[in-house]
Amino acid sequence: MLSLLVTSSALWTRVQAAARFCAFSSVTIMSGRRRSVCSYVSIHSHTRRIIPKGIIPVYSIYSTARKLSSNIGNDTSDAAAAVQVAPGITIQTALNDAVKALERKLVPEPEESALHLLSHALDLSWENGHRELRVCLPSTSNSMLANQLMSEEQSNTFQSLLGRRINLEPLQYIIGQWDFHDLVGLKIKEPMLCPRPETEELVEFVLEEVSELIRNRGSTNERIRILDVGCGTGAIGLAIANRYRDEVQVLALDVLPDAVELSNDNAKRFFANNAGEKKGHKLNTIYKAILCSADDYTNTQEGERYKMGFDIVVSNPPYIPTKDMTTLSEDVSRYESDKALCGGDDGLDIIRHIVKRLPEWTTGNCWLEVDDSHPSLIADWLSPGSLESARFGVECVSTYKDFCGRDRFVKLRVL
């Protein structure tokens, strides 16, 4: 393992140093408050960890990531037996023993995993618990927290959590929440995708456009309407609404009932206190998720009539080609929904549905996060002036690279 400490207060998109690491089979990133410790290790670009906003990001590169799955048992009892947390030992001993156990099992980011899981077991604050525990790592530490004894309940809880982590269950699922963009403590639930830090870059692109629309809209009080296709946890739409909760209205779509429920629960978590502060300022005015596919969100079929006229469309759709699904590491393939990952033979199935519906949805732009094989394909398919662009009424405006220099984002425009 190689670690490099980089200090920067800039947005992750402006920090170029990490690009050199993309030759490795996996990139895992931790950054202070953002806690974007990755539980994903795979040579497939979809599972690469890209730096989020943060003050002190730490890059850890695992060049043997593909070997991890074969070295980790699938039996939860075997995993639990790999580490024993006896009641009555000090927090310092429990923490350091856990780090060693995770290292023996080749679990990614063993130190950060242990810190977060122990913080959770001790019911420390989400904001600062892992930082408070970090002082317990040095064997010379003599802090009050380091010398505190583990109760039987705390020991049992910690051992159970460690067993799940040794089985490569993502930290986000174990803990049940994670930070994304400016959202602190976003609820996460299996099998919805754990928010990827590179998706924060997608949010930033949309936020820049929202800011421009606000500047140019004049004196109108109408909210800027945004359609989020494939919301999952709600991370993208909620992050946008969180920045401009008085200015935007987000409608989110998903085909998984659990995703719709989770997204709306997260909306209540972040926006419930804002509802009623202003006239007409209800929760649904800010954010709402509904059960509907991209292809079915149309008024060209019989059934429910939908309100269109969105200013911006954004989506991080399922985009992994079928042939690449077998390359995903166990932590992804075993826990996350195939429906949220696989985009068909070439990964473009849902993207084609979006392109087909775009002229009905909006007269503006659409921002997509896609597989790194897609930007060039989409740019050729919907090149300005092409027959296909004219047929769909949509053209590819530009493509953008992610933090590691991989083609990742596409901007489309309705003609």
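This is a predicted model, so every value here is computed, not measured. (Residues numbered from 1 in each chain as written. Predicted model: local features only at pLDDT ≥ 70, side-chain atom pairs only at ≥ 80, totals over all residues. Heavy atoms only, no water.)

Asks: Before we go on, may I ask you to explain the overall build of the chain in this structure?
Replies: Looking only at helices and strands, the chain features 17 helices and 12 strands. The buried share among the 415 residues of the chain stands at 58%. Of all intrachain contacts in the chain linking residues separated by at least 6 positions in sequence, the fraction that spans at least 24 positions is 71%. Of the roughly 17200 Å² that the chain leaves accessible, carbon and sulfur atoms contribute 50%. (Helix = DSSP H or I, 4+ residues; strand = E, 2+ residues; numbered from the N terminus. Buried < 20%, exposed > 50% of the residue type's maximum accessible area, 1.4 Å probe, protein only. Contact = heavy atoms within 4.5 Å. Areas by Shrake-Rupley, 256 points an atom, 1.4 Å probe, with all protein chains shown as cover.)

Asks: Hey, could you run me through unusual backbone geometry in this one?
Replies: Among all residues except glycine, the phi angle is most often negative; among peptide bonds, the trans geometry is most common. Geometrically, the link from Glu190 to Pro191 is a cis peptide bond, its omega value of 10 degrees lying close to zero. Examined against the element boundaries, Pro191 turns out to sit in the loop between β5 (183-187) and α9 (198-216). The backbone phi angle of Leu106 is positive, close to 60 degrees, even though this residue is not glycine. Mapped onto the fold, Leu106 is located in the loop between α3 (91-104) and α4 (110-121).

Asks: When you look at the pattern of salt bridges in this model, what are you seeing that I'm missing?
Replies: Oppositely charged side chains can pair when the atoms bearing their charge come close. With the rule as written, the count across this model stands at 18 salt bridges. Among the ionic pairs, Lys323 bridges to Asp324, the shortest N-O distance being 3.5 Å. Residues Arg408 and Asp402 are paired through a salt bridge, measuring 3.2 Å at the closest nitrogen-oxygen approach. Asp402 shares its class with Arg408; the two are buried. (Salt bridge = Lys/Arg side-chain N within 4 Å of Asp/Glu carboxyl O.)

Asks: Even after reading the chapter, I still don't get the pairing of strand β6 (residues 224-229), so can you show me in this structure?
Replies: Strand residues, when the strand is regular, have side chains that alternate between the two faces of the sheet. The buried count for β6 comes to six of six residues, which makes it a mostly enclosed element. Of the two faces of β6, the one holding Ile224, Ile226 and Asp228 and the one holding Arg225, Leu227 and Val229 are both buried throughout. Relative to strand β7 (residues 248-254), β6 is paired through six bridges, and the arrangement is parallel. Directly across from Ile226, in β7, lies its bridge partner Val250. The parallel pair β6 and β7 is bridged by helix α10 (residues 235-243), and the resulting crossover is right-handed. As judged from the four bridges shared by β6 and strand β9 (residues 310-315), these two strands associate in the parallel manner. Looking at β9, one finds that Asp228 is bridged to Val314. (Pairing = 2+ DSSP bridges. Right-handed = clockwise from strand over helix to strand, strands pointing away.)

None of the figures reported here should be taken as evidence of function without further support.
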